[in-house]
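# Overview (structure and organization)
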Amino acid sequence: MAGGAILRAGNGGKDYPGKMTLFVFLACLVASSGGLIFGYDIGISGGVTSMDGFLVKFFPSVYRQEKEDASTNQYCRFDSQLLTAFTSSLYLAALIASFFASTVTRAFGRKWSMFGGGITFLVGAAINGAAESVLMLLLGRILLGVGVGFTTQSVPLYLSEMAPAKLRGMLNIGFQLMITIGILAANLINYATAKIKGGWGWRISLGLASVPATIITLSSLLLPDTPNSLVERGHGEKARLMLRRIRGTADIHAEYEDILAACEESRAIEHPWSTILRRRYRPQLTMAVLIPFFQQVTGINAIMFYAPVLFKTVGFGDDASLMSAVISGLVNKLATFVSIATVGRRKLFLQGGVQMFISQAIVGTMIAIKFGTSGSAASLSKSYANGMLLFICTYTAGFAWSWGPLGWLVPSEIFPLEIRPAGQAITVSVNMLFTFMVAQAFVAALCHLKFGLFYLFAAWVVVMTVFVAFFLPETKNVPIEEMILVWQQHWYRGKFIADEDVNDDVVGSIEMGKNRSYTGRV
Ligand code: BGC
């Protein structure tokens, strides 16, 4: 560490300027728009694959099977692996792309990853809207996936680095808010295009993905890079000016020194992938894997992808099913604001977990009462169906203020700079892998596990809530380059981090004494 550096870890960022400047607000708003493309895609596929025109053109056998299926077993009505492959293939592409994105993000800066993601998504949207064959559809899906991989890798990092420590949660959740806006927009568009006579409404649904893609592509060109990334790439002076600008004050010395120290560490690391496997990073690595895994086994995408199918399964008509998807999409978006307003990570995780568990257990039981194990039901009364929609919405709300936003926020803020892009790539790829698996398995799982599927998701929610209670420290208000202290002081996680590791690290490379401690609540 350069001599003269100020010893300054462990004060919880008290001497960091914490106000929101217009500049940082706009930069974060623009960057968050990367969430739109991810959300749009999540929301659009389910509706499109339930449109007859789309099925007749690309998956005629699925169409015939659905129409000819006279069985009364509701659980199995939509079980087609071919069709789910269309939805889920994108997530495999995103998984692979996120690893390439981590290299781009580290070497060229966060904004070029966003740009690359936006432009690839744009091409994918055009190919999909114009698709004439399954091959074109697939190619389009792969490009969309690459776009999603790049943006989900870079946007959360960008937001966490730009934001002042005290507002990091709030600004980072802008990403999730944009995801939910993307989902809702897609639900509404499907609701409208499904009504188009002639069966080509799906083209509009798929082609309109070019709108959010254009937004993030153009936006990324306007964005400045983060001070952290500028320093890391050797532009120290530019970084200092940028920090002044985004913090709206010349008093940025303390924060700048922390970034410099973090970069010093970062430059010494040539191979982030082998570095991340070291024992001292075990706590963060565990979170980078488990948090996205848990986020997906809440079962949220069973609702997001298959809401129309699920509502049809429980007896809603075509129109009512799409409308119900719109309602749960709206709840998803509005509930995200609760998170923005509070964002104490642990409290939200715990409260959201309890709410999701109760709602899922009730939905599972309502389906069990009505459909039993045979899957046949006479008819569903309106009030019964509405009751079910209500509990699906309380479940969605619980997710939307807990695991939804925090599933992206927490992994993006816990890694030290030198392995932050690699850590984020792991988070994205685990998230995409399990998004893929839930998407691929849901309809078959519903057919085999029946109402038990909801109990299975509920059981996972219990596991993750207990896990958070014991193993996740509170990261609210902790400056990003001082996070190591939070881990070091955790009752269990601290075992993995020796004092030398902290000394070695960001803050500690500045002769940090043992008596220094992080003063926030851990
Ligand atoms: C998850 C998505 C999910 C969305 C729902 C995101 O945080 O990563 O898989 O569909 O939230 O709003």
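Residues numbered from 1 in each chain as written. Predicted model: local features only at pLDDT ≥ 70, side-chain atom pairs only at ≥ 80, totals over all residues. Heavy atoms only, no water.

The secondary structure content of the protein chain amounts to 24 helices and zero strands. Considering only intrachain contacts with a sequence separation of at least 6, the fraction spanning at least 24 residues in the protein chain is 82%. (Helix = DSSP H or I, 4+ residues; strand = E, 2+ residues; numbered from the N terminus. Contact = heavy atoms within 4.5 Å.)

Here we take up the site of the ligand. Contacts to the ligand come from 14 residues, most closely from Gln176, Gln295, Gln296, Asn301 and Asn332. Contacts to the ligand include glutamine 295, whose side-chain N or O atom sits 2.9 Å from an oxygen atom. In the environment of the ligand, an oxygen atom lies 3.3 Å from a nitrogen or oxygen atom belonging to the backbone of glycine 404. In isolation the ligand has 310 Å² of accessible area, and contact with the protein removes 100% of it. Elements represented by at least two residues in the shell around the ligand include exactly α2 (34-48), α8 (168-193), α15 (282-297), α16 (300-313) and α20 (403-414). Considering every element that reaches the shell around the ligand, the biggest residue donor is α8, with three residues. Class assignment of the residues belonging to the shell around the ligand gives a composition of six nonpolar, eight polar and no charged. (Near = heavy atom within 4 Å. Polar contact = N/O pair within 3.5 Å; in protein donor to acceptor, adjacent residues only side chain to side chain. Areas by Shrake-Rupley, 256 points an atom, 1.4 Å probe, with all protein chains shown as cover. Nonpolar A, V, L, I, M, F, W, Y, C, P; charged D, E, K, R; others polar.)

Taken together, the side chains of Val354, Phe357, Ile358, Val462, Val466, Phe470 and Trp491 define a hydrophobic patch exposed on the protein surface, amounting to about 660 Å² of accessible area. Of all the secondary structure elements, the ones that give two or more residues to the nonpolar patch are α18 (345-371) and α22 (452-471). Here tryptophan 491 lies in the loop between α23 (483-488) and α24 (499-504). (Patch = residues over 30% accessible without salt bridge, like charges linked within 9 Å, V, L, I, M, F, W, Y side chains within 5 Å. Salt bridge = Lys/Arg side-chain N within 4 Å of Asp/Glu carboxyl O.)

Positive phi values are uncommon outside glycine, yet lysine 450 reaches one of about 55°. Along the chain, lysine 450 falls in the loop between α21 (420-449) and α22. The exposure class assigned to lysine 450 is buried, which follows from its relative accessible area of 18%. The backbone of asparagine 477 shows a phi angle near 70°, a positive value even though the residue is not glycine. For asparagine 477, the position within the fold is in the loop between α22 and α23. (Buried < 20%, exposed > 50% of the residue type's maximum accessible area, 1.4 Å probe, protein only.)

The subject of this paragraph is the nonpolar core. Judged by nonpolar contacts, the single largest core of 135 residues is most densely connected at Phe54, Phe59, Trp403 and Met432. With twelve residues, the top contributor of residues to this core is α21. Non-local contacts of phenylalanine 54, meaning those with residues more than four positions away in its chain, are made with Val48, Thr49, Phe59, Phe86, Leu137, Gly199, Trp202 and Leu206. (Core = buried A, V, L, I, M, F, W, Y, C linked by side-chain atoms within 4.5 Å.)

What follows covers the packing of aromatic side chains. Scanning all chains against the criterion turns up 19 aromatic pairs. A ring pair is formed by phenylalanine 54 and tryptophan 202, whose centres lie 5.7 Å apart and whose planes are at 70°; its orientation type is edge-to-face. In this pair, phenylalanine 54 is assigned in helix α3 (residues 52-58) and tryptophan 202 in helix α9 (residues 201-207), connecting sequence segments 148 residues apart. Tryptophan 202 matches phenylalanine 54 in its accessibility class, with the two residues each being buried. On the basis of an interplanar angle of 85° and a centroid distance of 5.8 Å, the ring pair of phenylalanine 175 and tryptophan 408 is categorised as edge-to-face. With phenylalanine 175 in helix α8 and tryptophan 408 in helix α20, this residue pair connects regions lying 233 residues apart in the sequence. Assessed through its relative accessible area of 0%, phenylalanine 175 is described here as buried. Grouping aromatic residues by their ring pairs yields a cluster made of Phe293, Phe294, Phe349, Trp403, Phe434, Trp460, Phe467, Phe470 and Phe471. The ring of phenylalanine 58 has lysine 57 lying over it, and the distance from NZ or CZ to the ring centre is 5.9 Å. A cation over a ring is seen here: lysine 111 above tryptophan 112, with NZ or CZ 5.3 Å from the ring centre. (Phe/Tyr/Trp six-rings, centres within 6.5 Å; stacked < 30°, edge-to-face > 60°. Lys NZ or Arg CZ within 6 Å of the ring centre and 35° of its normal.)

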